[in-house]
Amino acid sequence: MEQKKDITILPGDPAALVVETSNLSGKIKFSSGCIVHPTASIKATNGPIEFGESNLIEEQVVIENLSEDPLIIGPNNHFEIGCVIHASSVGKNNVFGVRSIVETGAKITDGCSIGPKCLVKPFEKLSPRTVLCGNLNCERRSNDDPPSIASQMDHLRLVIPKYNKIIK
């Protein structure tokens, strides 16, 4: 397990749930309502990472800041199993599909949905409500943000503490 001395969990309702078996390193700040699953890796390698409210980070996710600038991640993002994020910024209400990859310096705005195994290239900027999908990384625009995951997060707030130790 990585050193957790530079981890800040801000108070709030609902409280953030950061599981002890997650791999955290560097200066990381979690706002209220964030949930970090076991085996998720969050690495503030060269600069700090700050999470807005109610982000869901699932198993085997890797979020790493390779820049000296802070990586600011807005509220209500869903990082699904095994996605890899090296973005320079992430807005709000985005979904990162299973095993999707966001390469170094990419900028994700608001309401984007990156499908399973899709790739956002280095330094690419996605416009609001961009949808990437399929083998060929097809790009579309949506009229709406991705659906809310509030009910899933409510369920996880009940279940996760029963089976995992939480960082206080």
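Before reading further, recall that the structure is shown in the block above.
Computed from a predicted structure; not experimentally measured. (Residues numbered from 1 in each chain as written. Predicted model: local features only at pLDDT ≥ 70, side-chain atom pairs only at ≥ 80, totals over all residues. Heavy atoms only, no water.)

**Quick look at the pattern of salt bridges**
A side chain of one charge can pair with a side chain of the opposite charge if their charged atoms are brought near each other. Counted according to the given criterion, the structure contains three salt bridges. Between Arg129 and Asp145 there is a salt bridge; the shortest N-O distance is 3.1 Å. Of the two residues, Arg129 is situated in the loop between strand E19 (125-126) and strand E20 (130-133) and Asp145 in the loop between strand E21 (138-141) and helix H1 (150-163); the sequence distance between them amounts to 16 residues. One salt bridge connects Arg157 with Asp154, and the closest N-O pair in it is separated by 3.2 Å. Of this pair, Arg157 and Asp154 both sit in helix H1, three residues apart, which is roughly one turn of that helix. According to the relative accessible area criterion, Arg157 is buried, its value standing at 19%. (Salt bridge = Lys/Arg side-chain N within 4 Å of Asp/Glu carboxyl O. Helix = DSSP H or I, 4+ residues; strand = E, 2+ residues; numbered from the N terminus. Buried < 20%, exposed > 50% of the residue type's maximum accessible area, 1.4 Å probe, protein only.)

**Comments concerning the sheet that holds strand E12 (residues 84-85)**
Across a sheet, strands are paired by hydrogen bonds formed along the backbone, either parallel or antiparallel in direction. Strand order in this open sheet of six strands is E3-E6-E9-E12-E15-E18, and the pairing throughout is parallel. Since the sheet does not close on itself, it has two edges, and those belong to strand E3 (23-25) and strand E18 (119-120), each with one partner. Bridging between E3 and strand E6 (residues 41-43) involves three bridges; their strand directions are parallel. Looking at the pairing, Ser25 lines up with Lys43 of E6. (Pairing = 2+ DSSP bridges.)

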